[in-house]
Amino acid sequence: MGAQIHTTTDSEATVALTRNQLVLEQARAVGLLGSAKNTRLSGRVPSELIDAAKKRAHVTSDTELLELALSRLALEDDFGAGLVKRKGSIPSDIDLGI
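These numbers were taken from a predicted model, which means no experiment stands behind them. (Residues numbered from 1 in each chain as written. Predicted model: local features only at pLDDT ≥ 70, side-chain atom pairs only at ≥ 80, totals over all residues. Heavy atoms only, no water.)

J.: Please explain the environment of Leu 17 as it appears in this structure.
T.: Examined against the element boundaries, Leu 17 turns out to sit in helix α1 (residues 2-29). Separated by 40 residues in sequence, Leu 17 and Ala 57 have C-alpha atoms that sit 7.5 Å apart. (Helix = DSSP H or I, 4+ residues; strand = E, 2+ residues; numbered from the N terminus.)

J.: In this structure, what is going on with the nonpolar core? I would like to understand it.
T.: Nonpolar side chains tend to gather and get buried jointly when the protein is soluble and globular. Grouped together as the largest cluster of nonpolar side chains are 8 residues: Val 23, Leu 24, Ala 27, Leu 33, Ala 57, Val 59, Leu 65 and Leu 68. When residues in this core are grouped by element, the largest group, 3 residues, is from α1. Dropping the residues within four chain positions of it, Leu 68 is found in contact with Asn 20, Val 23, Leu 24, Ala 57 and Val 59. (Core = buried A, V, L, I, M, F, W, Y, C linked by side-chain atoms within 4.5 Å. Buried < 20%, exposed > 50% of the residue type's maximum accessible area, 1.4 Å probe, protein only. Contact = heavy atoms within 4.5 Å.)

J.: For this particular structure, what's the right way to read a nonpolar patch on the surface?
T.: A cluster of nonpolar residues, Ile 90, Ile 94, Leu 96 and Ile 98, forms a patch on the protein surface that exposes about 490 Å² of accessible area. Position of Leu 96 relative to the elements: it lies in the segment after α4 (79-85). (Patch = residues over 30% accessible without salt bridge, like charges linked within 9 Å, V, L, I, M, F, W, Y side chains within 5 Å. Areas by Shrake-Rupley, 256 points an atom, 1.4 Å probe, with all protein chains shown as cover. Salt bridge = Lys/Arg side-chain N within 4 Å of Asp/Glu carboxyl O.)

J.: Would you explain the pattern of salt bridges in this entry?
T.: Opposite charge on two side chains permits them to pair, given that their charged atoms come into close proximity. Scanning all chains against the criterion turns up 2 salt bridges. Glu 67 is paired through a salt bridge with Lys 37; the nearest N and O atoms lie 3.2 Å apart. Pair noted here: Glu 67 is in helix α3 (residues 62-75) and Lys 37 is in the loop between α1 and α2 (47-57), with a separation of 30 residues, a long-range link. Look at Glu 67 and you get partly exposed, because its relative accessible area is 24%. Look at Lys 37 and you get exposed, because its relative accessible area is 60%.

J.: Honestly, the environment of Arg 72 in this entry has me stumped. Any pointers?
T.: By the secondary structure assignment, Arg 72 is in helix α3. Owing to a relative accessible area of 32%, Arg 72 belongs among the partly exposed residues under this scheme. On a C-alpha basis, the gap between Arg 72 and Val 23 in space is 6.6 Å, while along the polypeptide they are 49 residues apart. Other than its neighbours up to four places away in sequence, Arg 72 contacts Arg 19, Asn 20 and Val 23.

J.: How should the side chain of Asn 20 be read in this particular structure?
T.: Counting through the fold element by element, Asn 20 comes out in helix α1. What makes Asn 20 buried here is its relative accessible area of 6%. Excluding residues within four positions of it along the chain, Asn 20 makes contact with Ala 57, Val 59, Leu 68 and Arg 72.

J.: Looking at this structure, how should I read the packing of α2 against α3?
T.: Each pair of packed helices can be summarised by the angle the axes make with each other and by the distance between the axes. Interhelical geometry of α2 versus α3 gives an angle of 75° and a closest axis separation of 10 Å. Looking at the two axes, α2 sits roughly perpendicular to α3. On the side of α2, the interface is formed by Ile 50, Ala 53, Lys 54 and Ala 57, while α3 contributes Asp 62, Leu 65 and Leu 68. (Axes fitted to C-alpha atoms, helices over the stretch in contact; angles between N-to-C directions. Parallel < 35°, antiparallel > 145°, perpendicular 65-115°, else oblique.)

J.: Whenever I open this one, the side chain of Ser 71 confuses me. Can you help?
T.: Along the chain, the position of Ser 71 falls in helix α3. On the accessibility criterion, Ser 71 (4% relative accessible area) is buried. Dropping the residues within four chain positions of it, Ser 71 is found in contact with Val 23, Leu 24, Ala 27 and Leu 33.

As C-alpha cells, this is what we get:
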C-alpha cells in the first residue's frame, strides 16, 4: 500500500511539473516572461494559502509561485464564458444523432 501512495504522489508531481513547464513556456512564447524581472509585487496573504498553493503546484519559492499563478491567470482562456454565450444558438430541430 505504501508503494502505491508513493507512486501516486510521484505521478502527481510529474504531472504538476509538466503542466507548470508548459504554462511558463507558453507565457514566454507570447512575451509575458523574459529575462528581465523588473517589477516587484508585494502583498499580505495567509501563510496557509501560500503553503497550500506551493504544495499543489509543486514549487518551493514565492517567485516561482507568483510567476506560475500570474501566467496561468494571464493565459486563461474564456472557454466557460464562451460556452455559456452559445446557449440556445443551436437550432432545436437539428439532428444530433443521439
